[in-house]
Amino acid sequence: MSLYKNLFKQTLIYGLAMVLPRMLSFFLVRLYTNVLPNRADYADLTTVLAWMVFFNVILSYGFETAFFRFYNSETDKEKVVSTSTISIFWSSMIFLIAALLFRKTVADYVNVDVQYISYSIWILVLDALVVIPFSKLRAHQRPLRYAAIKSGNVVVNLGLNFFFLLFLPNIAESNPDGFFATIYIQNFGVGYIFIANLISSLLTFIVLSPDYFKIGWKIDNELWTRMMSYGWPILVAGLAFAINEHFDKILLGKLLPSNIAKSEVGAYSACYKLGLFMVLFRTAYTLGIEPFFFSHASNENAPQTYATITKYFVIFGSFISLGVIVFADLLKLILLDNTTYWEAMKVVPLIVFANFFLGIYTNLSVWYKLIDKTRIGAYISIVGAMVTLLFNFLLIPIMSYYGSAIATIAAYGSMMLISYYLGKNKYPIPYDMKRIFGYLILSILFSTISFYIPSIRENYYVKALLLIVFLYFIYYSEKETLLRIIKRKAK
């Protein structure tokens, strides 16, 4: 049980690093949808952030996962640190120069202000430069420091957003001859959001920058080649993931009529955020589980350990998914009180379960990472991206953003199933499929009943009863394990 306790402890700390600050950052959704003049401005912000995800993937080019793989397998660990750090440093510098030269062309293509692109370029570079320092903290199992830095980044970002969007306009208006009036620009809300991101990224880099003075600035070419060979399929998979997760916002802006495109993107993007509770759970879990998978790969009972972990991920994930969907209409009052965005609420259940499927896929993908067949992950992700693109192109003209939500759940569902069936032969893991399938189906069924049947959607007594029934089903199914844990603690 010590393995599971250690995993739970690290996941909890990583979870706090992601969940607590982002719980605060949820208020940014409410802030943005209230302060920005209209849904089109929110769409501009969303579109640029979507493109940034693609370049985040490109600038790390699979070296985050490659770092863990080689850090655990190589004798000279400092050589792994220096090689990966130097590689990302120089590639980031090349990107910085090229991107700044062509920023006007990019801005014209994306159809946004060139200043937003300039800020985004610097944010991307600063974020790339801390990939390996953050990975080193995880490899050294220092979740508290990791959590402190991540939390600080979000708190600074959050504070600056409130200052620039809420307080600065009032200060400038009340004291037009003061200093703050000189830095205030009217109708520059989206620009201030990027400035807040830039400052928080810069401070994070400053905190982690000592790592760059602790390495020997010498790259091992042979090791770098092996890391690139391991990492490029992860890069492809990451790009495919970016397509699955964010390309729908871009396609909505391209495939819908121009007079409604930005408005639809704004509404969809805002309601999409309500699915982030599952994203937070999945992200925190992934941060804790990836180093755990590699460090315990040589254990004789590793497959059984992975099977148990996956089952409990599904248990927690099923309950969280059902809880978010049951209380979605209450959450929107807290996080999204601008009623003009509510028309896209119907996508919430699909987005929540799409992210849950992606979390299950993360568990199921352990087999190809452990046998160094990361290209299989790239192939699976490419299939998912193809499903995303196909469904979006077919459904957006007919169903607008609801078609995009269907495409997202179809993509992650297909990836989950493909990984499971391929893994059965390549790296057999004794998953308890009967219980996993039972939790998943019951959660989907109860969620559908609570959200899509109007009379029940408005009746919180019935919805609370569904949650209680689901909890009882968990207790009934896991009773033996729970009693065993209670008896062990009693001793």
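Everything quoted here is computed from the prediction, not taken from an experiment. (Residues numbered from 1 in each chain as written. Predicted model: local features only at pLDDT ≥ 70, side-chain atom pairs only at ≥ 80, totals over all residues. Heavy atoms only, no water.)

(A) Highlighting the overall build of the protein. Scanning the protein from N- to C-terminus turns up 23 helices and 0 strands. In the protein, which comprises 491 residues, the proportion classed as buried is 54%. Of the contacts formed within the protein by residues at least 6 apart in sequence, a portion of 84% connects residues at least 24 apart. For the protein, the exposed area adds up to about 22,500 Å²; of that, 67% sits on carbon and sulfur atoms. (Helix = DSSP H or I, 4+ residues; strand = E, 2+ residues; numbered from the N terminus. Buried < 20%, exposed > 50% of the residue type's maximum accessible area, 1.4 Å probe, protein only. Contact = heavy atoms within 4.5 Å. Areas by Shrake-Rupley, 256 points an atom, 1.4 Å probe, with all protein chains shown as cover.)

(B) Representation of a nonpolar patch on the surface in the model. The grouping of F27, F327, L330, L333 and I334 at the surface amounts to a nonpolar patch, some 420 Å² of accessible area in total. With 3 residues, helix α15 (residues 328-335) is the single largest residue contributor to the nonpolar patch. Secondary-structure assignment places L333 in helix α15. (Patch = residues over 30% accessible without salt bridge, like charges linked within 9 Å, V, L, I, M, F, W, Y side chains within 5 Å. Salt bridge = Lys/Arg side-chain N within 4 Å of Asp/Glu carboxyl O.)

(C) Quick look at the pattern of salt bridges. Per the stated rule, a full pass over the model turns up 13 salt bridges. Residue E478 is joined to K311 by a salt bridge in which the shortest nitrogen-to-oxygen separation is 3.0 Å. Of this pair, E478 sits in the loop between α22 (460-477) and α23 (479-490) while K311 sits in helix α14 (residues 302-326); the two residues are 167 residues apart in sequence, bridging distant segments of the chain. Beyond isolated ion pairs, a larger network of salt bridges with shared partners links K311, D432, R435 and E478.

(D) Up close: the nonpolar core. Grouped together as the largest cluster of nonpolar side chains are 139 residues, with contacts concentrated most on Y32, Y42, F194, Y268, F356 and I360. The element best represented in this core is helix α16 (residues 348-364), accounting for 12 residues. The contacts of Y42, once residues within four sequence positions are left out, are V29, Y32, L36, G266, S269, A270, K273 and Y341. Grouped together as the second largest cluster of nonpolar side chains are 6 residues, V130, Y146, I149 and L208 included. (Core = buried A, V, L, I, M, F, W, Y, C linked by side-chain atoms within 4.5 Å.)

(E) Geometry of α14. The end-to-end C-alpha distance of α14, which contains 25 residues, comes to 36 Å, matching closely the 36 Å that a straight helix rising 1.5 Å per residue would cover. Within α14, 19 of the 25 residues are buried, which leaves it mostly tucked inside the rest of the structure. (Expected span 1.5 Å × (residues − 1).)

(F) Layout of the packing of helix α8 (residues 143-174) against helix α10 (residues 189-208). Contact geometry for α8 and α10: axes closest at 9 Å, N-to-C directions at 150°. One element, α8, and the other, α10, form an angle in the roughly antiparallel class. The two elements α8 and α10 meet at a crossing, and its hand is right-handed. Split by residue class, the contact of α8 with α10 holds 14 nonpolar, 8 polar and 1 charged. (Axes fitted to C-alpha atoms, helices over the stretch in contact; angles between N-to-C directions. Parallel < 35°, antiparallel > 145°, perpendicular 65-115°, else oblique. Left-handed = near helix turned anticlockwise from the far one by under 90°. Nonpolar A, V, L, I, M, F, W, Y, C, P; charged D, E, K, R; others polar.)

(G) Quick look at the packing of α14 against helix α20 (residues 433-452). Where α14 contacts α20, the axes come no closer than 9 Å and their chain directions differ by 5°. Judged by the inter-axis angle, α14 sits roughly parallel to α20. Where α14 abuts α20, its residues T310, K311, V314, I315, S318, S321, L322, I325 and V326 lie against R435, I436, Y439, L440, S443, F446, S447, S450 and F451. Tallied by class, the residues present in the contact of α14 with α20 amount to 10 nonpolar, 6 polar and 2 charged.

(H) Layout of the packing of aromatic side chains. The full count for this structure, using the stated rule, is 30 aromatic pairs. Aromatic side chains F89 and W90 sit 5.0 Å apart centroid to centroid with 80° between the ring planes, which places their arrangement in the edge-to-face category. On the basis of relative accessible area, W90 is assigned to the partly exposed category, the value being 49%. An aromatic cluster of at least three residues, connected via ring pairs, comprises F89, W90, F205, Y212 and W217. Its end group placed over the ring of W342, K332 keeps NZ or CZ at 4.2 Å from the ring centre. (Phe/Tyr/Trp six-rings, centres within 6.5 Å; stacked < 30°, edge-to-face > 60°. Lys NZ or Arg CZ within 6 Å of the ring centre and 35° of its normal.)

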